[in-house]
Amino acid sequence: MHSVVSASTTAPVRQFLSRIWLALLLSLLAGCARPDPPADLVVINGTEPETLDPALCTGQPDGRVAAALFEGLTRVHPKTGESVPGIAERWEISPDGKTYLFYLRTNALWSNGEPITADDVVYSWRRVVDPANAADYAGQLYYVKNGLAINTRKITDLTQLGVSAVNPHLVRVELENPTAFFLDLCAFRTLCVVHRKTIEKYGDRWLMARPLPTSGCFTLEQWKVNDRVRLRKNPYHWDAANIRSEVVDLIHLESATTALNLFETGQADIIWDKTLIPMELMDVLKERPYVHTFKYLATYFMRFNVTRGPFKDPRVRKALALSINKSRIAGHIMKAGEEPAATLVPPGTANYQAPEGLSYNPNLARKLLAEAGFPEGKGFPSFHYLFNTAKQHEQVAVELQQMWKKELGISLELRNTEWKVYLADQSAVNFDLSRSAWVGDYNDPNTFLDMFMSNNGNNRTGWKSPEYDALLDRANRMTDLKERAELLRQAERLLVVDDVVIMPLFFYAGITFYRPDEISGIWANIIDEHALYPVGKTKKADLRP
Amino acid sequence: MWIYLTKRIVGLLPLLLVISFLSFMLVRMAPGSPFDKERAPASPDIERTLREKYHQDEPLWQQYLRYLGVARESDGQGGTRWVRGGLVQGDLGPSFKYRNHGVNDIVAQGLPVSMSLGLLAFLFAMGVGIPLGIYTALRRGQWGDHIGSFFSLLAFCIPGLVVGPLLIMGLALQWRLFPVALWSSPWHMVLPTVTLGLYFSGRIARLMREGMTEAMKEAYVVTARAKGLSESQVVFRHALRLAILPVVSYSGPLLADLLTGSFVVENLFLVPGIGVFLVNSALGRDYNMVVGLALVYAVLLVLLNLAVDLTYGFLDRRVKLS
Amino acid sequence: MSLIVSQAPSTERPPAAPPSLTPNQRAWRRFWRNRPAVLGLFWTLCLLVLVLTWPWIAPYTFEATSDAQFSPPSAQHWFGTDVHGRDLMTRVIYGARISLLVGWIGALVAVINGVVWGASAGFLGGKWDGFAMRVVDVLYSLPSIIFVIVLITTLEGFLRKWLVATFDAGPAAVGYARLIFLFAGLGAISWLNMARIVRGQVLSLRQRAFVDASLALGAHPLRVIAKHILPNIFGIVIVYATLTIPAIILYESFLSYLGLGIQAPMASWGSLIADGASQLNPIRVYWWLIVFPAGMLVTSLLAMNFLGDGLRDAWDPKGRSD
């Protein structure tokens, strides 16, 4: 019976099957897109950006692309990390430090050739604080008059924001308080200038518009999700002569090994995202000429939940902090030259000298724990450490677990969760201890310390200290930088020595990979910001076959 | 026949409705929200605004109707109007994570890539698995079988997590035969295809071996043999048709899995497909993306299973399509 | 039948079994003659004994760290040590417990569910078939990762609250609870394939003369299923089960990699392989971290597979040559 084939059913079946195969084959061809011409510079930039909108982006990789596309009144000097003139050519600051006058360049143009005017600046800043746009980083404009009130809907009139166009080339900014780091903020991507007409025309998808008028050194040619962003030099930029690469590819990926492989085989010229460096190989890689490590503003620390169980007692928190051998963690697990940390604010932060933190002292720790009612850890309830799943965090957690068991006789349970559960639990303060890290947004201790103000969304410890809030408030009204530093130092001492709300573990090391004989124009700086425009291949590299 | 086809295709619509509903509700049950961030926004109002912007403040049923595109909303002047977009118009909504993209944009970019990789891997798996399966079945119990079985087992005992890096280290870094990653020329496709296909070739070889062993015991095959047909005629003209059935019924879901991409392979070789999104959207609680990708997956799966059922009926006359 | 058997070395077959033996005894006899199967049984038993007695004979515990970071295999540490200086051999054997538990329980759940569902659908046909397969279609069309993520994160949250509230349990209990969800989740996503395949087989058996004959002679349908259908699908079920175990173990490694698997410092083969694979790179490879866990996994799966094959050959109704 097997050989009986009825023609009436097989013909349509065959036809149907062949159509499906045809459709599949066509999609196969569609998938094999024509390769693009190679770029002049290929940079491995980090994970896929969530958005390239400078007002909305929060991630570091997103920010780097946004900073290449859009420019603010000032920009970061690629070598020193200081703010230097950007769209504004020069500025005047009133004696009380609360009013700024920015004179825009007359040759500052959009990438379509239109001039960039004061109105563009005003529009861009209002857009950031406009609550309807829900910009996470709107806080960067709370220093400007009425920024906070508008963003929290206490004032509905956007024009009340302390920024105005005096004439097409003069912007006047009024601040709430004299803010020592305001010029640094002007260079920050949130305050960059964006094109009003495009945004009003395309809405949320405005970055998909082609051509996209940009104010920065580059234009956006292509944005392929999970693949690459292709940038092309903006010929109308006021500093176009100093933009060294014509076409730049920024590759986005998630695997450190893949990044290293691309770099090793010469398919990428630069890796500048720390998360894409294979940490476990740093002891070997550190010796290679293409690895460049430097200090930068980032700290790995642990939050205590000060509202829960034995952790209500500062002596317990202090005992836990004193019994951790941070040099073992910094040396054994982290291998890129991370420094053990006793304070939250990293060394090298401008206008600041951190207080002396807690050192490694297991004897004192045992004493404190006994005083708190747990001699040799007896009767101490088991508690958990919340961290998001990642090799490195797990390794740190295992070390903490063993150290506390050995020194204090208390048992830590590890609780690793996937990212969103971790975030939800951390912000709901649903943990005993929680892994944390912070990267400074600008070069000032405030970017670290204001996190732990009572009403700050990043506090996440249950700790509310009016004393701390008052110290920070007073410090940020100061014009005298020395006095300000002293107040901030007192605040930090409260945070990490007296109350031990957090336990700093180590300061990250910044790392970039590039071959110094082939690539130039990239410098180490403390905020890990590397402008793209001065980066390019040296002549020698061009001759390479 | 055509009635059958039409029925199956029409049956797809309620299935899609059920899938969209299930995934819509399921992903919202998981703790955490798309708007939880490592860095809290400057004020709590911002998160609230974000929720309003994406209508996460509405009751769930209304959110779902809005997703389908059959809800009415206030037009701001006291009246109501139909919401714009929605599933009925083929709009999978905005991504909550990738705020400049719609889910449609991401699918349009990633799906063709994932499909071509998946199809290549499928062809590879079939090309290796079927001959190996036949060979081991015919040599059942002999050394050829043991060695062949060993390799087919090896293929699916070693995960892509291991095979991929080994292939890269050997073929891409040591001998520089293939590029290590990226997706732009046929050369770039070889290693991802092998990594993805190898695992499945092992499975297919096992299924094929089993199917062939069974088929060789069938009465009509035995008869064919008794008639004095040659070994290859018996195997390829008579037994194969029945023996391949387990493989055929496995290949529907297999293809759907392959065509929607593989997280590990896409990650390892930097292939810009949608496999990475399928996992990351669920982990990142990017609600619309999860539902959208689940729908894409479901459509593919149903179409492929339909093709499988048709093939089944075509190969085994004893099965009636009804 | 003899035509097929002629493929196998004829010396392995007894000329004729003594008539006093029951079919079961004859099956055992066939089984013991199958050398790879016996070897597989031996290896599986050894593994079981080792895994069960290890806590009493091990010189290290699975979580104890030491200063001997990344030391290669030596007299003290036969399999070397990992990043924390933990003994890898202890961890591999500890991991075997969890992996075997997850794999076997998962596969068992999958097989029972799949066979019951698939066989009843294929046998009863009609409306029930339509409904049963629709359910399978729906569940199948949901990408498994969404299902697993929601299951593990949501239920774990509830369970933690409940455990802490009622028993004042520590986080360790929650860690084990998560393990149980892993079984459940992995079993729940693996039975669908099984159901489809079994249904396909039953559908084709259902049309066969001997089934029709039994039913026509007034046999109870359950009896027909037990006597005629199940023995005939035994082969494919065993093969599928042996395919499911590694699939589940590997899926667990993928989940561990995403942070949804077992909790550190516990280990499973999957998580050890994922760890080992993550350090496969062109600069430096700690080979023992990948070779030993993967080697153990592969040999054990091979053993189980040969064992399964042997059982199937010995008890297969169509294999009774005399």
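Residues numbered from 1 in each chain as written. Chains lettered and ligands numbered in written order. Predicted model: local features only at pLDDT ≥ 70, side-chain atom pairs only at ≥ 80, totals over all residues.

**Comments concerning the overall build of chain B**
From N to C terminus, chain B includes 13 helices and 2 strands. For chain B, the spread of C-alpha atoms along the principal axes amounts to about 85 × 55 × 35 Å. Residues classed as buried in chain B amount to 56% of the 322 residues present. (Helix = DSSP H or I, 4+ residues; strand = E, 2+ residues; numbered from the N terminus. Buried ≥ 20, exposed ≤ 12 C-beta atoms within 10 Å, placed from the backbone.)

**Overview of the overall build of chain C**
Within chain C one finds 11 helices and 0 strands. Counting every position in chain C, which comprises 322 residues, the buried fraction comes to 49%.

**With respect to the interface of chain A and chain C**
Contacts between the two partners involve 27 residues from chain A and, on the opposite side, 20 residues from chain C. A total of 6 residues in the side of chain A that touches chain C trace back to one element, the largest contributor, which is helix H12 (residues 391-408) of chain A. Looking at the side of chain A that touches chain C, its residues break down into 9 nonpolar, 11 polar and 7 charged. (Contact = placed C-beta atoms within 7 Å. Nonpolar A, V, L, I, M, F, W, Y, C, P; charged D, E, K, R; others polar.)

**Quick notes on the interface of chain A and chain B**
Opposite the 62 residues of chain A that make contact, chain B presents 58 residues. Listed by contribution, the elements that provide at least two residues to the side of chain A that touches chain B are helix H1 (7-31), helix H7 (256-264) and helix H13 (419-427) of chain A. Element by element, the count of residues in the side of chain A that touches chain B is highest for H1 of chain A, at 12 residues. Of the residues that constitute the side of chain A that touches chain B, the class distribution is 30 nonpolar, 20 polar and 12 charged.

**Here we look at the sheet that holds strand E4 (residues 88-93) of chain A**
All names here are of chain A. Within the open sheet, the 4 strands sit side by side as E4-E5-E7-E6. Their pairing is antiparallel. Unpaired on one side and paired on the other, E4 and strand E6 (163-167) mark the two borders of the sheet. Shown here is a sheet whose adjacent strand axes are inclined to one another by a mean of 25°, direction ignored. Sheet topology note: the E6/strand E7 (residues 170-174) ladder contains 4 bridges and is antiparallel. Opposite valine 163, over in E7, you have valine 173 as the bridge partner. (Pairing = 2+ DSSP bridges. Axes fitted to C-alpha atoms, helices over the stretch in contact; angles between N-to-C directions.)

**Structural notes on the nonpolar core**
Ranked by internal contacts, the top residues of the largest apolar core, which has 361 residues, are Ile44, Ile270 and Ile271 of chain A, Ala294 of chain B together with Ile146 and Ile149 of chain C. A total of 21 residues in this core trace back to one element, the largest contributor, which is helix H9 (residues 221-258) of chain C. Counting residues domain by domain, this core receives three or more from each of domain 1 (70-197) and domain 2 (297-509) of chain A. The residues contacting isoleucine 146 of chain C, other than those within four sequence positions of it, are Ser23, Leu26, Val27, Ala282, Val290 and Ala294 of chain B. (Core = buried A, V, L, I, M, F, W, Y, C linked by C-beta atoms within 7 Å. Domains from an automatic or database assignment.)

**A short note on unusual backbone geometry**
Residues and elements named next belong to chain A. Here arginine 210 and proline 211 are connected by a cis peptide whose omega angle stands at -5°. Mapped onto the elements, proline 211 comes out in the loop between helix H6 (196-202) and strand E8 (218-224). Although it is not a glycine, arginine 153 sits at a positive phi angle of roughly 65°. Inspection of the secondary structure puts arginine 153 in the loop between helix H4 (147-151) and E6. Residue arginine 153 is classed as partly exposed on the basis of its C-beta count, with 13 C-beta atoms lying within 10 Å. With a phi angle near 50°, valine 429 is a residue other than glycine that sits in the positive phi range. With respect to the secondary-structure elements, valine 429 resides in the loop between H13 and strand E16 (433-439).

**Quick word on the pairing of strand E9 (residues 228-233) of chain A**
One face of the sheet, then the other: side chains in a regular strand alternate in exactly this way. Residue and element names in this part refer to chain A. Across 6 bridges, E8 lies against E9 in antiparallel orientation. Its bridge partner being in E9, phenylalanine 218 is matched across the sheet by lysine 233. Hairpin connection from E8 to E9: 3 residues lie between these consecutive antiparallel strands, with asparagine 226 at a positive phi of about 60°. Looking at chain direction, E9 and strand E10 (residues 247-252) are connected through 5 bridges and run antiparallel. What sits directly across from valine 229, in E10, is leucine 250.

**Considerations on the pairing of E16 of chain A**
All names here are of chain A. The buried fraction of E16 amounts to 5 of the 7 residues, a majority that puts the element mostly inside the structure. In this structure, strand E12 (residues 291-304) lies alongside E16, joined through 7 bridges in antiparallel fashion. What sits directly across from alanine 298, in E16, is valine 439.

**With respect to helix H9 (residues 314-322) of chain A**
Here H9 of chain A lies mainly inside the structure; 7 of its 9 residues are buried. All of the buried residues in H9 of chain A are Val316, Arg317, Lys318, Ala319, Leu320, Ala321 and Leu322 of chain A.

**What about the packing of helix H4 (residues 88-124) of chain C against helix H11 (residues 287-315) of chain C?**
Residues and elements named next belong to chain C. Between H4 and H11, the least distance of the axes is 10 Å, while the angle of their chain directions is 35°. The hand of the H4/H11 crossing is right-handed. Every residue of H11 that contacts H4 at Leu88, Val92, Gly95 and Ala96 is listed here: Trp288, Leu289, Phe292, Pro293 and Met296. For the contact of H4 with H11, the residue count by class is 8 nonpolar, 1 polar and no charged. (Left-handed = near helix turned anticlockwise from the far one by under 90°.)

**A short note on the environment of alanine 188 of chain C**
Here alanine 188 of chain C shows up in helix H7 (residues 171-206). Sequence separation between alanine 188 of chain C and glycine 106 of chain C is 82 residues; the distance between their C-alpha atoms is 7.9 Å.

**Details of the environment of valine 247 of chain A**
Residue and element names in this part refer to chain A. Checked against the element boundaries, valine 247 lands in strand E10. When the C-alpha positions of valine 247 and aspartate 40 are compared, they lie 5.3 Å apart, and in sequence the two are 207 residues distant. Filtering out sequence-adjacent residues up to four positions away, valine 247 remains in contact with Ala39, Asp40, Arg230 and Arg232.

**Some remarks on the packing of H4 of chain C against H9 of chain C**
Residue and element names in this part refer to chain C. In contact at an axis separation of 8 Å, H4 and H9 are set at 145° when each is read in the N-to-C sense. As H4 runs across H9, the sense of the crossing is right-handed. Residues Ser99, Val102, Gly103, Trp104, Gly106, Ala107, Ala110, Val111, Val115, Ala119 and Phe123 of H4 pack against Ile225, Ile229, Val237, Ala241, Thr244, Ile245, Ile248, Ile249 and Glu252 of H9. Residue composition of the contact of H4 with H9, grouped by class: 15 nonpolar, 4 polar and 1 charged.

**Things to note about the confidence of the model for chain C**
The share of residues in chain C with pLDDT of 70 or more is 87%, and the mean pLDDT across the chain is 77. As a predicted assembly, this complex carries a pTM of 0.83 together with an ipTM value of 0.83. (pLDDT = per-residue confidence, 0-100.)

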